[in-house]
Amino acid sequence: MTSIIFKNEQVKRNFYKYLEHQRGFSPKSVQCYENAIWLWEDFSNKEDFSNFNQTKAQEFVVWLKNKVKKNTQIKVSLSYCYDNLRFLKVFFSWLHKQSGYKSKINEVAPEYLNLTRGEVRIATQPKGRQSPTVEDIKMVIENIKGKSEIQMRDKALISLMFLTGARISAISTLPMRSFDREKLRIDQDPKLGVKTKNSKRIPTALIPLFYSKTLNYFVEWFDYLKQTKNFQPNDPIFPATKRENGKENLGYYSSDEVEAIFWKSTTTVRKIFEKCFKDAGVRYYHPHTFRHLLVKEISKLPLTEEQKKAISQNLGHENVGTTFGSYGYGKIDEERQMEIIKNISPNDKPKEMISQFSNEELLETLKQRIK
């Protein structure tokens, strides 16, 4: 048994290297495959991977669908099953091509790691995404009334999230030189140390469409860091809280000031968001929902196809459908859907659409439509 476990572990290491170096997957993505393989090992009692076949694949599907969540009697969701089955399918399809496994694993066997068509439809149907309202964001930001460096930073932090819909990993790693003050754009460039999804460079224009004060709050903070704190190009736009010695050097305490140090992780940033929402008496929404909110509001505008493409690229998406369709960012909620249908009249005339604009005119055009 020990030799089998060693053999399996070696195979897994080779597979993870393949995902990371040949497929370019991030550690977080690789972890998803690792979790799926752990499930298979639980089911098979860590038997040799070479024993995988069609029958075992079918038995595993049944086993997985009947698995219950930890410390409950509730079965795991079909979306959970769907994801783990497709990860395993990739693994065993890869394994079939490896030396020593080609003759042992039938190339068709991984295809049996499937749900039924009906179950796949249920597992992959879009989910309603909850997000804050523009009024929620206003309440949270305007509730931060103090003028300490920490309060100024937190106000600017939430403001920039609202202006860009950028991911929290990118926001927390932005250096001063990533912001072009004259053009009001953020360059989410991994070469500058910005942590973006799949290490992709994302040039992002600030969009002060629905709450213009956010732009002022962010720019004022940036100017303060540059002019008053003398921050340099490689210093963080959102620096960590300064820690100072306590009495008799027995410990440290957080001050009301910042120092030119990047946060070590996004955990602190998430806690800042949660605290600001709680202090304002507003239901907490995690930072990623700002992306949903931004697209949801923009989707209400009569945009041209060119403008939709520009918005999509601003969020780091290559496909407009990702922004406004398949990921559900632009999905109309059910209540609004019912309201729109009830108010359709046969006498309605098509609204005048916005004419084609250049990329330079996009933000100004949208701004005017909101007024």
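It should be noted that the structure appears before, not after, this text.
Residues numbered from 1 in each chain as written. Predicted model: local features only at pLDDT ≥ 70, side-chain atom pairs only at ≥ 80, totals over all residues. Heavy atoms only, no water.

1. Some thoughts on the overall build of the chain
- Helix and strand content of the chain: 15 helices and five strands.
- Counting the 371 residues in the chain, one finds 41% classified as buried.
- Summarising the internal contacts of the chain: among those between residues at least 6 apart in sequence, 63% fall at separations of at least 24. (Helix = DSSP H or I, 4+ residues; strand = E, 2+ residues; numbered from the N terminus. Buried < 20%, exposed > 50% of the residue type's maximum accessible area, 1.4 Å probe, protein only. Contact = heavy atoms within 4.5 Å.)

2. So, the pattern of salt bridges
- On inspection of all chains with the given rule, the structure shows 18 salt bridges.
- Salt-bridge contacts for Lys46 lead to Glu41; the nearest nitrogen and oxygen are separated by 3.9 Å.
- Note on Glu41: relative accessible area 5%, which makes it buried.
- Across the pair Arg86 and Asp83 runs a salt bridge, and its minimum N-O distance is 3.1 Å. Taken as a pair, Arg86 and Asp83 lie in helix α4 (residues 78–96) at a separation of three residues, close to a single helical turn.
- For Asp83, a relative accessible area of 29% gives the class partly exposed.
- Among the charged side chains, a salt-bridge network with shared partners connects Glu9, Lys12, Glu41 and Lys46. (Salt bridge = Lys/Arg side-chain N within 4 Å of Asp/Glu carboxyl O.)

3. Re the pairing of strand β2 (residues 185–188)
- For strand β1 (residues 179–180) and β2, the ladder comprises two bridges, and the chain directions are antiparallel. Bridged to Asp180 within β2 is Arg185.
- By the bridge criterion, four bridges tie β2 to strand β3 (residues 202–205) in an arrangement that is antiparallel. Within β3, the residue paired with Ile186 across the bridge is Thr204. (Pairing = 2+ DSSP bridges.)

4. Digging into helix α6 (residues 134–142)
- For α6, the full list of buried residues reads Val134, Asp136, Ile137, Val140 and Ile141. The buried residues of α6 all sit within an arc of 155 degrees when viewed along its axis, so they share a single face.
- On its buried face, α6 sits against α7 (149–164), α9 (213–228), α10 (267–279) and α11 (289–298). (Arc of directions from axis to C-beta.)

5. A short note on unusual backbone geometry
- At Leu184, a residue that is not glycine, the phi angle is positive and equals roughly 55 degrees.
- As for its placement among the helices and strands, Leu184 is situated in the loop between β1 and β2.
- Judged by relative accessible area, Leu184 falls into the partly exposed class, the value being 27%.
- For Ser199, which is not a glycine, the phi torsion comes out positive at approximately 55 degrees.

6. Focus on the sheet that holds β2
- Pairing within the open sheet is antiparallel, and its three strands lie in the order β1-β2-β3. With partners counted over all chains shown, the strands left at the sheet margins are β1 and β3, one partner each.

7. Examining the nonpolar core
- Phe218 and Phe238 are the most contacted members of the largest nonpolar core, which totals 58 residues.
- Counting residues in each nonpolar core, the second largest holds 32 residues, with Phe15, Val30, Leu95 and Leu115 among its members. (Core = buried A, V, L, I, M, F, W, Y, C linked by side-chain atoms within 4.5 Å.)

8. A few points about the packing of α4 against helix α5 (residues 117–124)
- Direction vectors running N to C along α4 and α5 enclose 105 degrees, while the axes themselves pass 8 Å from each other. Compared by their axis directions, α4 and α5 come out roughly perpendicular. From α4, Leu78, Ser79 and Tyr82 reach across to α5, where they touch Glu119, Val120, Ile122, Ala123 and Thr124. (Axes fitted to C-alpha atoms, helices over the stretch in contact; angles between N-to-C directions. Parallel < 35°, antiparallel > 145°, perpendicular 65-115°, else oblique.)

9. So, the environment of Ile144
- Take Ile144: it is sitting in the loop between α6 and α7.
- Given the relative accessible area of 9%, Ile144 is considered buried.
- Separated by eleven residues in sequence, Ile144 and Lys155 have C-alpha atoms that sit 6.5 Å apart.
- With sequence-adjacent residues up to four places away left out, Ile144 is seen in contact with Gln151, Asp154, Lys155, Ile158 and Cys276.

10. Considering the side chain of Lys155
- In this structure, Lys155 sits in helix α7.
- For the buried Lys155, no salt bridge is present, and the opposite-charge side chain at shortest range is Glu142, 4.5 Å distant.
- Those residues in contact with Lys155, other than ones at most four positions away along the chain, are Ile141, Glu142, Ile144 and Tyr217. (Lys, Arg positive; Asp, Glu negative; His and termini not counted.)

11. With respect to the packing of aromatic side chains
- Scanning the model with the defined rule gives 28 aromatic pairs in all.
- Both rings, one in Phe179 and one in Phe218, keep their centres 5.0 Å apart while their planes meet at 75 degrees; by these two values the pair is edge-to-face. Here Phe218 lies in helix α9 and Phe179 lies in strand β1, a separation of 39 residues in the sequence.
- For Phe179, a relative accessible area of 6% corresponds to the buried category.
- Taking the relative accessible area as the measure of exposure, Phe218 reaches 0% and is therefore buried.
- Ring plane angle 75 degrees and centroid distance 4.9 Å describe the contact between Phe179 and Phe222, whose orientation is recorded as edge-to-face. Within this pair, whereas Phe179 is found in strand β1, its partner Phe222 is found in helix α9, the two being separated by 43 residues in sequence. (Phe/Tyr/Trp six-rings, centres within 6.5 Å; stacked < 30°, edge-to-face > 60°.)

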